[in-house]
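Chain residues, written in single-letter form:
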Amino acid sequence: MQSLQPGTVEELAGLVEQAYEQSVPMYPLGGQTALHYGLPAKTDGWGISTEKLNRVIDFPVKDLTLTVETGITIQALADMLANEGLMLPLDVPQQSQATLGGVIATNCNGPRRFGYGTVRDYVIGIQAVNGKGQLFHGGGRVVKNVAGYDFCKLLTGSMGTLGIISQATVKLKPVPEEAVTVAVSLDDGATVENCIAMLMESPTVPVAVELLYGARWSEYAGDPNRRYTLAVQLAGTESEITWGQQRLADDLKACGAPGAFALSSEAHVALWQQIQEFPAAEHELTIQVKTVSSGAVPVIEKCTETDPQCTIQSDIGNGVVTVGFEEMPETGISGLVVSQLGPLATVYHGHVETLRCPAPEDLTLGTMWGQLSGPQWLHNRVKEQFDPRGLLNPGRFVYQ
Amino acid sequence: MHGSADLESTLPVALIHELQQIIGVDGVLTAHSDRMVYECDGFTIEKSCPDVVVFPTTTDQIAAVIQACNRFETPFLPRGAGTSLAGGTLPIGGGVMLVLTRMTNIEEINLRDRYAVVQPGVVNIRLTQALAGTGYHYAPDPSSQGACTIGGNVATNSGGPHTLKYGVTVNHVLGVEAVSSEGEVFRLGGPNADPAGLDLAGVMVGSEGTLAVVTRVWVRLTRNPEGVRTMLGVFDSVDDATNAISAIIGAGIIPAALEMVDHDIMVALEEAFQFGFPLDAEAILIIEVDGIEAGLDAQRDQIIDICEEAGAREVQQAENEQHRQQLWKARKQAFGAIGRLASSLVTQDGVVPRTQIPQMYQKIMEIGEKYDIRIVNVFHAGDGNIHPVMLFDERDPSQIERVLAAGGEILQACLDAGGSVTGEHGIGVEKIQFMKQMFSENDLDVMASLRSAFNPNNRLSPDKMLPTAGACGVERHAPSKMVAQ
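These numbers come from a predicted model, not from an experiment.

J.: Is there a simple way to think about the pattern of salt bridges in this case?
T.: Oppositely charged side chains can pair when the atoms bearing their charge come close. A complete count under the given rule lists 35 salt bridges over all chains for this structure. One salt bridge in this structure joins aspartate 387 of chain A and lysine 383 of chain A, with 2.7 Å as the shortest N-O distance. The buried category is assigned to lysine 383 of chain A, whose relative accessible area is 10%. The closest approach of N and O atoms between glutamate 259 of chain B and arginine 331 of chain B, which form a salt bridge, is 2.6 Å.

Shown next as structure tokens:
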């Protein structure tokens, strides 16, 4: 596939207009870390890379906002922010490659969403080129703004199918003074549920609550013989953390989970790094179940029942369960996703997505994206308005 | 209510009969004297009377009404409590108004998964009241929260003082059920924050009722903070106060709320509430931090230091919860109190980058002098959202002209500073002419195309928000008294 690298947004718009006139399919490219996410492309076309669109447009540090072109890598962004004591707390895998545009297009969120929110909470301004080559923007550079339709929400998670995102303004947060991990080993789902219900209401306000299953995590567990490791991240000032750690240990004990301990700072960094990378890690099959929080334990138990050798990383406070299988389950993808996990996810208001599989060409809308939220006709109509010739990432998302 | 004596509606009788069959005669207003109540909302400058007003109680009724409107090619629009300050519920061209204030059920509260399901007519504060004792609350808290509905909050993406830390309405809406402009019931999102497909629920929020009629809302519930510290910073100059605001945000502190009230408003508040405000001060800041009790005293001390360094005369701390509640009551009812200052008032809702509040304040006062209009100020200062209030006498046409010119100049100054013409009130009809200054032709064209995906016949709330459709046909020449945020 031919890959083009426009150097300015005007060039980008010009390229898209040209593709529109010639009806050439376009595949927006950022850091190319999530190309396996979504149905595989079936038609040839132009790859349009944002690699050269990586300029900082405006960084008014004291306003806690940043406007950048979206080809900037998350690592470069994080380094620039860290110099000012700021952060964009999104926990993106493969940061040295992944770009801001890709993160917005794929709505990539990680463990700290529990305390800090998700991509849609941070993007306050956006610029993109739609399928006709129209350069447009929505939102702005100020943190509060209700003028016009919210294109920031529309484009977040739109998988590059409504426009190629060229520039964004994000809100920033100050880096907390300290962060610490309190971990505890657990044996059964009932105790896990007790602990999670407690953590949802905990006055210690954790920034992340993770439930981990599988040998990969055993070095962080207090007791490797137990099934699960629960890892809770606290962030704040020294006095908040000192108090929070003790309070958490006491509350976990009261929930039937004694023996909570604080990880060393090295283990803390290593654990969250590994959690962040997990959805992108190599497995035969990786699926992600997204339900309400109370759905996570039943989903996890179902998965471990299906394959006790699987590895699980769950943002359990938000009901996101990512499961890596080393072998394809006997039921195949559709048996697992559609017959077993799908109905369970539906009970808990959720759906199942396939993040990685050995034969992507066999994926269907149902096995890739699960049950669509909202009517198909409305999705199709929005798509037709933004991309009337169906040229942006054709066949990869939910339209049909 | 059933008076046929002054039935002046221009709608076909067959449509009115159909509406009466769908809703019941008790839920349909046709007499002009009844409908007049709905000729405007909190934005009273422009008026347009709906041809008929209906009060549905179910989603099915709403769908049936919309289907009937489509058959008769009649425009229609939803309305909540009518507290919009931008004319968002003005029925341009008449038509059928669906008033949703009879849909007041809180259908579900789920604390384990932190969400609630409400009908659109639920008054904002009722949800937080229903959550009393659970340890949770509903975070968006517009000043009109005692009257405004959650359906209306969804339409305008409402803010409020505590949205500085907790986010505006869109950050708390997980999903909506709605009726399309063609009368089909559909659902976007729900209890789970990660629905498959596009974030169309997010798009619905702030769409000012122009995409679909929201009939049910899934909202996020927010954990109450363990502790709170509320401070009152007293300043002898407004510049010192605005510099303190800038310094607090610049230091990386995000308070739960950071509000500024200037001298003239403070005087009005004191007359209304006898709170004990220092009347010889030029400005006060209401600053609230919340979170883990163990960290709050340190945050409070840091803020006090910053205020004192900026020249604060003193920083008082609310003595107890009652004192704190009184302070917030005074702040949230500021606009009611301002009514004591002048016969008429108009407020603006601009936003500037938050560290530019000091320059913006000076600019506002210069504009007031230039047009000889008295302006008093109350700001959601922490997020740069200004509410300059222009006081005047609407019996004097020259004052009205000057007020409109001054308001326009203030909003232009916000745009020049890289800001927005509206932080929380919406575009409605009031600021429609500013859309062309804030957005390019492409931007507006793409917005219009999004609207046509949802609302292809443009029968749902026509001529709002986007200036592209035909002229709205309402002359703007008579600002009058407005109740505002």
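J.: Looking at this model, I keep getting lost on helix H2 (residues 74-82) of chain A. Mind explaining?
T.: Each α-helix turn comprises 3.6 residues. Residues three or four places apart therefore point the same way. All names here are of chain A. Every buried residue belonging to H2 is among Ile74, Leu77, Met80 and Leu81, and all of these are buried. Looking straight down H2, one finds that the buried residues subtend no more than 130 degrees of arc, so they occupy a single side. Taken together, the buried residues of H2 touch strand S4 (56-58), strand S5 (65-69), strand S6 (86-87) and helix H3 (100-106).

J.: Looking at this model, I keep getting lost on the nonpolar core. Mind explaining?
T.: Soluble, globular proteins show a tendency: their nonpolar side chains are buried together. One finds Leu77, Phe151, Leu230, Ile287 and Val382 of chain A together with Phe454 of chain B to be the most contacted residues of the largest nonpolar core, which totals 192 residues. The greatest single-element share of this core, amounting to eight residues, is contributed by helix H14 (residues 397-416) of chain B. Core analysis: the next-biggest nonpolar cluster, separate from the first, contains 26 residues, Leu327, Trp328, Ala330 and Val378 of chain B among them.

J.: Help me understand the domain arrangement of chain A in this model?
T.: By a widespread convention, an interface's size corresponds to the accessible area lost as its parts come together. Residue and element names in this part refer to chain A. Here the domain parsing of chain A yields domain 1 (2-174), domain 2 (178-277) and domain 3 (281-369). Relative to domain 3, the C-alpha centre of domain 1 lies at a distance of 27 Å. Here domain 1 meets domain 3 over a buried area of about 1000 Å², counting both sides, of which 63% is carbon and sulfur. For the interface between domain 1 and domain 3, the tally reads zero salt bridges. At the junction of domain 1 and domain 3, the tally comes to two residue pairs in polar contact (both at pLDDT 80 or more). A breakdown of the residues in the side of domain 1 that touches domain 3 according to their chemical character gives six nonpolar, three polar and one charged.

J.: Any chance you could explain the confidence of the model for chain B here in plain terms?
T.: Close reading of the predicted structure is inappropriate where its pLDDT is low. All names here are of chain B. Chain-level pLDDT for chain B is 91 on average; 94% of the residues reach the 70-or-more range. A low-confidence stretch, residues 1-6 (pLDDT under 50), is modelled with twelve contacts involving residues beyond four sequence positions or located in other chains. Confidence drops under pLDDT 50 across residues 469-485; counting only partners more than four residues distant or on other chains, this segment forms 60 contacts.

J.: When you look at the sheet that holds strand S2 (residues 52-54) of chain B in this model, what are you seeing that I'm missing?
T.: In a beta sheet, neighbouring strands are held together by backbone hydrogen bonds and run either parallel or antiparallel to one another. Residue and element names in this part refer to chain B. Strand order in the open sheet formed by four strands is S1-S2-S4-S3, with mixed pairing between adjacent strands. Looking at which strands have only one partner, the edges of the open sheet turn out to be strand S1 (28-29) and strand S3 (76-79). Here S2 runs beside strand S4 (residues 96-99); their pairing, made up of three bridges, is parallel. Bridged to valine 54 within S4 is leucine 98. Seen against the sheet, helix H3 (residues 59-71) touches S2, S3 and S4 and runs at an angle of roughly 170 degrees to S4.

Conventions used here
- Residues numbered from 1 in each chain as written.
- Chains lettered and ligands numbered in written order.
- Predicted model: local features only at pLDDT ≥ 70, side-chain atom pairs only at ≥ 80, totals over all residues.
- Heavy atoms only, no water.
- Salt bridge = Lys/Arg side-chain N within 4 Å of Asp/Glu carboxyl O.
- Buried < 20%, exposed > 50% of the residue type's maximum accessible area, 1.4 Å probe, protein only.
- Helix = DSSP H or I, 4+ residues; strand = E, 2+ residues; numbered from the N terminus.
- Arc of directions from axis to C-beta.
- Contact = heavy atoms within 4.5 Å.
- Core = buried A, V, L, I, M, F, W, Y, C linked by side-chain atoms within 4.5 Å.
- Domains from an automatic or database assignment.
- Buried area = accessible area lost by both parts, 1.4 Å probe.
- Polar contact = N/O pair within 3.5 Å; in protein donor to acceptor, adjacent residues only side chain to side chain.
- Nonpolar A, V, L, I, M, F, W, Y, C, P; charged D, E, K, R; others polar.
- pLDDT = per-residue confidence, 0-100.
- Pairing = 2+ DSSP bridges.
- Axes fitted to C-alpha atoms, helices over the stretch in contact; angles between N-to-C directions.

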